[in-house]
Number of protein chains: 2
Amino acid sequence: MQEPKILKKNQDLKERNMTNVQLTQEQRELIERMGVFYEQHGIPPMEGRIMSLLIVCDEPELTFDQIRELLGISKSTTSSALNTLLLTQRVIYKTRPGDRKRYFASNIVEWQESFTDSFQKFFGVIKIMKEALDQRTSKTPEFNRQMAEFIEFIEYLSIEFPRLYQEWCNRNTQNNKNN
Amino acid sequence: MQEPKILKKNQDLKERNMTNVQLTQEQRELIERMGVFYEQHGIPPMEGRIMSLLIVCDEPELTFDQIRELLGISKSTTSSALNTLLLTQRVIYKTRPGDRKRYFASNIVEWQESFTDSFQKFFGVIKIMKEALDQRTSKTPEFNRQMAEFIEFIEYLSIEFPRLYQEWCNRNTQNNKNN
DNA sequence: TTTTTAGTTCTGAAAATACCGAACCAAAAA
DNA sequence: TTTTTGGTTCGGTATTTTCAGAACTAAAAA
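Residues numbered from 1 in each chain as written. Chains lettered and ligands numbered in written order. Predicted model: local features only at pLDDT ≥ 70, side-chain atom pairs only at ≥ 80, totals over all residues.

### Points about the sheet that holds strand 3 (residues 99-106) of chain B
All names here are of chain B.
Link 1 in the chain: Spatial strand order, 1-3-2: three strands in an open sheet with antiparallel pairing. Each of the sheet's edge strands pairs with one partner strand only, and the pair in question is strand 1 (62-63) and strand 2 (91-96).
Link 2 in the chain: Alignment of strand 2 against strand 3, held across six bridges, turns out to be antiparallel. By the bridge assignment, isoleucine 92 is partnered in strand 3 with alanine 105.
Link 3 in the chain: Against the sheet, helix 3 (residues 45-56) engages strand 1, strand 2 and strand 3, with an angle of about 90 degrees to strand 3. (Pairing = 2+ DSSP bridges. Helix = DSSP H or I, 4+ residues; strand = E, 2+ residues; numbered from the N terminus. Contact = placed C-beta atoms within 7 Å. Axes fitted to C-alpha atoms, helices over the stretch in contact; angles between N-to-C directions.)

Below, the structure is given as structure tokens:
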């Protein structure tokens, strides 16, 4: 009779990789709620769901088809969402030897950087605010003063923030040594 | 002959209030560019333009109709945009005795609060992230560790940030004393 | 060679968003 | 009282966004 041993190699592979990932009801609900959070911060709904999935799901590395099936979406939607997520550095992928598939994962690992990055980008407000202040009439000294104060505060932050990040990194490596 | 004195009272008022605010070409362009910046941060285009207008315009307090005319938009658009701007605390308004109009202004004046507020709101990510971590399988210790680290980082920021703000305030009042 | 895999690209429908204009309304002014 | 002011609310339209599905493709496998 035909025993498991007789399975073709790639069926075997499929068995191992498609390790029957499933979501509990709790996980599904959490994904939706996190998705809403992301959406409120300017991320398209499906991208938010994928990001959430990669954080909530037991398996931190999922293939294109697993994502597609777990969220019940089309290939095209999966493709374009994943591509912009890769472009915006919110998701990364890994490859495995002898495997053509890509394994997508949340970039939570490098979130510290992407986090500080987005702050840095936010600090870009300084440039245009300075421009606005420069072109302002001198007839509104109080308003101009408050604008200048605002700009100074953001500048202060943009300097102190990286320092804060550095300190945290130091503190953390210290902790790790102690463990 | 009919001298200015003969003008009706409310025409007179109109003259004073509608102080013929106009925008230079430079200001118009700056408003558009700032608008794009706001748009990239998730604010609807017209709301971004109004916010920019209130920062760029020589007159820091504008009425409903002045905003409408300066931006060349409809009453309904002006109304709904201003209302959500008020709701989201990005714009405030003042009243003047014996004047039914509202005078809208950028909330840059009270940016201290609205700024720390929005950061605080952003730090809300902690709550949902903790939930996600709690429900995770224990079979992915490395992933969980990195998630925990991320959460700790945000928590660290949410504590250090107000401190940074306080320090800046102190430093600033110090400077003001010296002046 | 043909077939399968792991996607990509194109077309298009449905839904959401961003406006306008007209009608409306309540308070103040005439 | 009627009129004016300072808006709000209600459709409707144009644009944009968000998806699905089918056709396609390059590389690997058979």
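### Description of the protein's contact with DNA strand C
Link 1 in the chain: The environment of DNA strand C is formed by 22 residues, the closest being A:Phe64, A:Ser76, A:Ser79, B:Ser76 and B:Thr77.
Link 2 in the chain: Looking at the surface near DNA strand C, the elements with two or more residues in it are helix 5 (75-87) and strand 2 (99-106) of chain A together with helix 1 (9-17), helix 3 and helix 5 (75-87) of chain B.
Link 3 in the chain: Ranked by the residues each element gives to the surface near DNA strand C, the list is headed by helix 5 of chain A, at five residues.
Link 4 in the chain: Looking at the surface near DNA strand C, its residues break down into five nonpolar, nine polar and eight charged. (Near = placed C-beta within 6 Å. Nonpolar A, V, L, I, M, F, W, Y, C, P; charged D, E, K, R; others polar.)

### Overview of the protein's contact with DNA strand D
Link 1 in the chain: Near DNA strand D lie 24 residues; those nearest to it are A:Ser76, A:Thr77, B:Phe64, B:Ser76 and B:Ser79.
Link 2 in the chain: In terms of residue count, the dominant contributor to the surface near DNA strand D is helix 5 of chain B (five residues).
Link 3 in the chain: Across the surface near DNA strand D, the residue classes break down as five nonpolar, eleven polar and eight charged.

### A look at the relation of the copies chain B and chain A
Link 1 in the chain: When chain B is brought onto chain A, the operation consists of a screw motion whose angular component is 180 degrees and whose axial shift is 0.0 Å, with 0.6 Å RMSD remaining. Such values leave the two copies arranged in the relation of a two-fold axis. Within chain B, B:Gly42 has its C-alpha nearest the rotation axis, a separation of 2.8 Å. (Least-squares fit on C-alpha atoms with pLDDT ≥ 70 in both.)

### A word on the environment of A:Lys121
Link 1 in the chain: By secondary structure assignment, the location of A:Lys121 is in helix 6 (residues 111-122).
Link 2 in the chain: Sequence-wise, A:Lys121 and A:Ser158 are 37 residues apart; in three dimensions their C-alpha atoms are separated by 9.9 Å.

### Concerning the interface of chain B and chain A
Link 1 in the chain: At the junction of the two partners, chain B supplies 31 residues and chain A supplies 32 residues.
Link 2 in the chain: Mapped by element, the contributors of at least two residues to the side of chain B that touches chain A are helix 2 (25-40), helix 3, helix 7 (125-134) and helix 8 (141-178) of chain B.
Link 3 in the chain: If you tally residues by element for the side of chain B that touches chain A, the top one is helix 8 of chain B, at nine residues.
Link 4 in the chain: Each residue belonging to the side of chain B that touches chain A can be placed in one class, and the counts come to 19 nonpolar, six polar and six charged.

### Structural notes on the nonpolar core
Link 1 in the chain: Grouped together as the largest cluster of nonpolar side chains are 27 residues, with contacts concentrated most on B:Ile50, B:Met51, B:Leu53, B:Leu54, B:Val56 and B:Ile67.
Link 2 in the chain: Elements with a contribution of two residues or more to this core: helix 7 (125-135) and helix 8 (141-178) of chain A together with helix 2, helix 3, helix 4 (64-71) and helix 5 of chain B.
Link 3 in the chain: Residue contacts for B:Ile67: discarding those within four places in its chain leaves B:Ile50, B:Leu53, B:Leu62, B:Thr78 and B:Phe104.
Link 4 in the chain: In this structure, A:Met51, A:Leu53, A:Phe104 and B:Phe150 belong to the second largest nonpolar core, which totals 26 residues. (Core = buried A, V, L, I, M, F, W, Y, C linked by C-beta atoms within 7 Å. Buried ≥ 20, exposed ≤ 12 C-beta atoms within 10 Å, placed from the backbone.)

### Side note on the packing of helix 2 (residues 25-40) of chain A against helix 3 (residues 45-56) of chain A
Residue and element names in this part refer to chain A.
Link 1 in the chain: Packing of helix 2 against helix 3 leaves a shortest axis separation of 8 Å and a crossing angle of 130 degrees. Judged by the angle between their axes, helix 2 and helix 3 are oblique. The hand of the helix 2/helix 3 crossing is right-handed. Residue-level inspection shows Gln27, Leu30, Ile31, Met34, Gly35, Tyr38 and Glu39 of helix 2 in contact with helix 3, the latter providing Pro45, Gly48, Arg49, Met51, Ser52, Leu53 and Val56.
Link 2 in the chain: Split into classes, the residues belonging to the contact of helix 2 with helix 3 amount to eight nonpolar, four polar and two charged. (Parallel < 35°, antiparallel > 145°, perpendicular 65-115°, else oblique. Left-handed = near helix turned anticlockwise from the far one by under 90°.)

### Describing the confidence of the model for chain A
Link 1 in the chain: Mean pLDDT over chain A: 87, with 87% of residues reaching 70 or higher.
Link 2 in the chain: In this model residues 1-18 of chain A is a low-confidence stretch, pLDDT under 50, and it forms two contacts with partners more than four residues away in sequence or in other chains. (pLDDT = per-residue confidence, 0-100.)

### Here's the deal with the packing of helix 4 (residues 64-71) of chain A against helix 5 of chain A
Residues and elements named next belong to chain A.
Link 1 in the chain: Packing of helix 4 against helix 5 brings their axes to within 10 Å, and their N-to-C directions diverge by 120 degrees. With respect to the hand of their crossing, helix 4 and helix 5 are arranged in right-handed fashion. Facing helix 4, whose interface residues are Phe64, Ile67 and Arg68, helix 5 presents Lys75, Thr78 and Leu82.
Link 2 in the chain: Considering only residue class, the contact of helix 4 with helix 5 consists of three nonpolar, one polar and two charged.

### A few points about helix 3 of chain B
All names here are of chain B.
Link 1 in the chain: Between the first and last C-alpha of helix 3 there are 16 Å, a value that for twelve residues agrees with the 16 Å anticipated at 1.5 Å per step.
Link 2 in the chain: Among the twelve residues of helix 3, ten are classified as buried, and the element is accordingly described as predominantly covered.
Link 3 in the chain: Along helix 3, the residues that are buried comprise Glu47, Gly48, Arg49, Ile50, Met51, Ser52, Leu53, Leu54, Ile55 and Val56. (Expected span 1.5 Å × (residues − 1).)

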